[in-house]
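# Structural overview for review
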Amino acid sequence: QVQLVESGGGLVQAGVSLRLSCIVSGRTFSNYHMGWFRQAPGKEREFLAAINWSAGYTYYSDSVKGRFTISRDKSENAVYLQMTSLKSEDTAVYYCATDRNRPLVSRRTDGYDYWGQGTQVTVSS
């Protein structure tokens, strides 16, 4: 059974950096993408970034491009989201997700098959 566990969230001040981690276990498929999404209260879940696991290609939403960086560590079965210059509007629950052998990366929630439980990021101004 595929499981994803996020960590690294917390309460921070505006302007600082934070790195989120997502550890994946139980995955047996070889070609997939991993993504980061976030959901603020009263809003839909929003795509932030994705990475092709094997080739390392990365994809970003316009809203975070240049501030957030997605990366992966194959040896640790982990994906990371480095967030810089945090703003109060970055406050949300952050989720990682993985698809299952889909050939194309997706920016939609229905393009991913497994999700973590989320980690809260709160940015105070």
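Before reading on, note that the structure itself is shown above.
## A few points about the side chain of H33
By secondary structure assignment, the location of H33 is in strand β4 (residues 33-39). Under the relative-accessibility criterion, H33 is labelled buried at 2%. Ignoring sequence-local partners within four residues, the contact set of H33 consists of I51, N52, A97, T98, D99, R102, P103, L104, V105 and Y112.

## Let's talk about the sheet that holds strand β1 (residues 3-7)
In space, the four strands of this open sheet follow the order β1-β3-β8-β7, with antiparallel pairing throughout. At either end of the open sheet lies a strand with only one pairing partner, and these are β1 and β7 (68-73). Between one strand axis and the next, the sheet turns by 15° as a mean value, whatever way the strands run. Relative to strand β8 (residues 78-83), β7 is paired through six bridges, and the arrangement is antiparallel. Of the residues in β8, the one forming a bridge with T69 is Q82.

## So, the pattern of salt bridges
Across all of its chains, the model carries five salt bridges by this definition. Between R67 and D90 there is a salt bridge whose closest N-O contact spans 2.8 Å. Here R67, found in the loop between β6 (58-60) and β7, pairs with D90, found in the loop between β8 and β9 (92-98); they are 23 residues apart in sequence, far enough to count as distant. Each of the two residues, R67 as well as D90, counts as buried. Across the pair R108 and D110 runs a salt bridge whose closest N-O atoms are separated by 2.7 Å. Here the residues in one salt-bridge network are R38, E46, R67 and D90, joined through shared partners.

## Description of the environment of A49
In this fold, A49 is placed in strand β5 (residues 46-52). Judged by relative accessible area, A49 falls into the buried class, the value being 0%. The sequence separation of A49 and I23 amounts to 26 residues, and the corresponding C-alpha distance is 16 Å. Beyond its immediate chain neighbours, meaning those up to four positions away, A49 contacts M34, G35, W36, Y59, Y60, I70 and L81.

## Some points on the side chain of E6
Relative to the elements of secondary structure, E6 occurs in strand β1. Within the buried set, E6 has no salt-bridge partner at all; the shortest N-O distance to an opposite charge, 7.3 Å, is to R45. Reaching out from E6, the side chain makes a polar contact with the backbone nitrogen of Q117 at a distance of 3.0 Å. Those residues in contact with E6 that lie beyond four places of it in its chain are S21, C22, W36, Y94, Y95, C96, G116, Q117, G118 and T119.

Cut-offs used in this document
- Sequence order as written defines the numbering, with residues in each chain counted from 1.
- With pLDDT at 70 or above as the cut-off, local features in this predicted model cover only qualifying residues; side-chain atom pairs require 80 or more to be listed or tallied, and sums for whole chains, interfaces and linings still use all residues.
- Where side-chain values are given, they derive from all heavy atoms of the structure, hydrogens and water being excluded.
- Helix numbering and strand numbering both begin at the N terminus, where a helix is a DSSP run of H or I of at least 4 residues and a strand a DSSP run of E of at least 2.
- The rule is simple: take the accessible area with a 1.4 Å probe, protein chains only, and divide by the maximum for that residue type; under 20% is buried, over 50% is exposed, in between is partly exposed.
- What makes two residues a contact is simply this: any of their non-hydrogen atoms within 4.5 Å.
- Pairing between strands requires that DSSP locate at least two bridges from one strand to the other.
- Each axis is a line fitted through C-alpha atoms, and for a helix only the stretch in contact is used; angles between axes span 0 to 180 degrees, taken between their N-to-C directions.
- In the sections that follow, a salt bridge refers to a side-chain nitrogen of Lys or Arg positioned within 4 Å of a carboxyl oxygen of Asp or Glu.
- Only four residue types enter the tally: Lys and Arg on the positive side, Asp and Glu on the negative side, with His and both chain ends excluded.
- Nitrogen and oxygen atoms within 3.5 Å of one another constitute a polar contact, given that in protein one can donate a hydrogen and the other can accept it, and given that sequence-neighbouring residues count only through two side-chain atoms.

Read these as layout, nothing more, since geometry by itself doesn't imply function.
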